[in-house]
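Here is how the chains run, residue by residue.
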Amino acid sequence: MTDTTSLLLGSKHRHLHRRHAVVIGAGPNGLAAAIVLAQAGYGVQVHEAQPTIGGGARTLPLTLPGFQHDFGSAIHAMAVGSPFFSSLPLNQHGVEWIHPAAPLAHPLDDGTAVMLERDLGDAEQALAADGSRWRRIFEPMAENWPQLAEEALQPVLHIPRHPLLLARFGIPALMPANLFAGRFREARTRALFAGIAAHSFLPLDAPLSSSGGIMLAAAAHAVGWPMARGGAQSITNALASILQELGGCIYTNSPVTSLDGFARDTLFLCDISPRQLLAITGHRLQQNFRQSLASFEPGPGTFKVDYALSEPIPWKAPDCLRAGTIHLGGSFAEIAASERAVADGQPPERPFVLLTQPTLFDKTRAPEGKQIAWVYCHVPSGSAFDMTERIEAQIERFSPGFRDCVLARYISSPATLESMDANLLGGDISGGAMTLWQTVFRPTRKGYATSDQNIFLCSASTPGVGGVHGMCGYHAARVALRNARV
């Protein structure tokens with residue numbers, strides 16, 4: 001991988017391939033698009049503005065020496081379950097998946113935790129009165145995960161290859177999470193589903209707010225919620241290594257501020273936000289299409305804290321030490337109130353907190369005997385409110401003495417996140433609001449295409465949505481190969 005502060009571009013630049021492409025942004029989607037194009041025989045250059053490739057899949061020394069923290073995604077159900085990533089030899093390029101004993105723990109105030117077990121039989125037993133119903137809902141999707149992932153991680157409007165399976169997922173996915181959770185008798189099970197559904201960043205009474213919960217719960221049973229040994233960077237580095245074997249080049253510290261310096265016949269795949277695309281394409285896009293891009297709505301923001309810890313988190317519920325991911329928010333009603341406050345533009349008093357504890361399962365990420373924790377909550381887009389105290393109060397609620405374990409913190413406000421990855425507008429890690437309209441037409445009616453036949457968008461703002469799975473890049477590149485005029 002080339003690490004350079006600049007790259008001279010222009011008409012004198014020589015292309016060694018008859019067909020050439022430029023990918024803007026070296027996140028998982030940009031790298032996925034680059035690999036598809038290189039496999040098709042294109043000469044590919046990838047330009048990344050940051051000094052480290054990966055976008056939301058980077059691992060950085062954010063706190064103290066020897067502590068390695070994931071900047072963005074830390075748990076990778078969608079990566080291990082990605083149809084495109086599954087077609088690549090990631091394991092031959094350094095990716096090793098680590099599966100915690102349980103994907104998820106959801107502690108409650110009574111000192112116990114509701115567990116999401118990977119094995120459906122174990123899950124049925126753990127969820128007691130709701131176990132058989134949980135299994136009836138999720139077993140068909142888990143058993144047919146490759147087909148479900150293929151259907152769900154592409155544009156909503158398509159001719160399905162597996163219509164019955166898609167209907168089994170899609171019809172309940174349209175429901176508000178509060179209605180879907182009503183299928184369960186136990187408050188504990190409803191709380192468990194609330195936390196999983198809240199990954200959507202939607203209020204739990206909004207249409208589609210069940211969708212993320214259903215998909216992630218099915219993934220837990222089908223492929224697990226693993227982490228990558230060494231952090232998310234290992235996934236990125238594997239993709240880069242595969243691309244380089246195909247002849248692609250990657251340039252870091254190489255922001256692209258205009259397309260005018262490139263040859264006119266260049267094919268562009270842009271792993272950037274709609275707002276960034278507007279800024280760099282200028283006169284090449286039609287006015288009505290520029291207006292469509294400008295109206296694309298960002299989603300809520302994220303407030304994140306990375307911790308260096310002296311010891312494991314002292315959970316009241318010992319089962320929490322079996323899980324890679326912890327959801328902190330209490331009951332369904334409490335989590336719903338937190339997400340409603342965000343939607344109403346208010347920082348939540350008792351935020352729903354997502355926490356991962358990688359070093360319980362991967363000792364390579366911290367000095368011997370030490371730990372890291374990765375924590376975030378949802379906030380209004382661009383919020384400047386410091387959520388650190390409220391986050392730590394939620395952790396202490398279920399783990400008294402947590403603050404005594406803290407050696408160092410790295411606080412990432414929405415503005416900090418955006419400064420480290422320009423795609424994260426206002427701290428939005430979802431690539432745009434998950435409204436019904438923006439789910440069906442994302443980011444515009446053209447999907448990956450633009451009004452210029454050689455410019456395509458391949459970021460999380462396109463169908464496939466957020467997550468480290470590369471499917472936005474894969475589908476965008478496939479569309480480009482069919483439709484581009486180069």
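Located above this text is the structure these notes cover.
Reading the values: rules and limits
Residues numbered from 1 in each chain as written. Predicted model: local features only at pLDDT ≥ 70, side-chain atom pairs only at ≥ 80, totals over all residues. Heavy atoms only, no water. Phe/Tyr/Trp six-rings, centres within 6.5 Å; stacked < 30°, edge-to-face > 60°. Buried < 20%, exposed > 50% of the residue type's maximum accessible area, 1.4 Å probe, protein only. Lys NZ or Arg CZ within 6 Å of the ring centre and 35° of its normal. Salt bridge = Lys/Arg side-chain N within 4 Å of Asp/Glu carboxyl O. Helix = DSSP H or I, 4+ residues; strand = E, 2+ residues; numbered from the N terminus. Axes fitted to C-alpha atoms, helices over the stretch in contact; angles between N-to-C directions. Parallel < 35°, antiparallel > 145°, perpendicular 65-115°, else oblique. Contact = heavy atoms within 4.5 Å. 1 Å grid on protein atoms, 1.4 Å probe; cavity = no way out; pocket = protein on both sides within 12 Å on 5 of 7 lines; lining within 4 Å. Points joined across faces, edges and corners; volume = space filled by probe spheres on them. Nonpolar A, V, L, I, M, F, W, Y, C, P; charged D, E, K, R; others polar. Expected span 1.5 Å × (residues − 1).

Taken as a whole, this structure holds 10 aromatic pairs when the rule is applied. Consider the rings of F84 and F85, whose centres lie 6.3 Å apart with planes at 45°: the pair is tilted. A relative accessible area of 2% places F85 in the buried class. Through pairs of rings, three or more aromatic residues link up here, namely W134, F138, F180, F184 and F193. The ring of F71 carries the charged tip of R58 above its face, separated from the ring centre by 4.5 Å. The ring of F441 is capped by R445, whose NZ or CZ atom sits 4.9 Å from the centre of that ring.

Another aspect to go through is the pattern of salt bridges. In total, this model carries 19 salt bridges according to the counting rule given. The salt bridge involving R229 is made with E96; its shortest N-O contact spans 2.9 Å. Residue R229 is found in the loop between β9 (227–228) and α10 (233–245), and its partner E96 is found in the loop between α2 (77–80) and β6 (97–98); the two are separated by 133 residues along the sequence. Looking at E96, the relative accessible area reads 39%, which means it is partly exposed.

What follows covers the packing of helix α4 (residues 131–143) against helix α9 (residues 211–222). Two numbers describe how α4 lies on α9: the axes approach to 9 Å, and their chain directions differ by 75°. Of the possible angle classes, the one that applies to α4 and α9 is roughly perpendicular. Touching W134, F138, M141 and A142 of α4 are I214, A217, A218, H221 and A222, all from α9.

This paragraph deals with empty space enclosed by the protein. Per the stated rule, a full pass over the model turns up 2 cavities of 30 Å³ or more. Here the second largest cavity defines a volume of roughly 40 Å³. Taken together, L309, E311, P312, I313, Q357, T359, L360, Q371, I372 and A373 make up the lining of the second largest cavity. The biggest single contributor to the lining of the second largest cavity is strand β15 (residues 371–379), with 3 residues. The class makeup of the residues in the lining of the second largest cavity is 6 nonpolar, 3 polar and 1 charged.

Right, let's talk about helix α13 (residues 332–343) for a bit. Between its terminal C-alpha atoms α13 stretches 16 Å, which fits the 16 Å expected from 12 residues at 1.5 Å a residue. Along α13, the positions that sit buried rather than exposed are F332, I335, S338, E339, A341 and V342. Those residues of α13 hidden inside the fold are in contact with β7 (102–107), α7 (177–181), α8 (187–197) and β15. Of the residues trailing α13, G345 is marked for its positive phi of about 85°.

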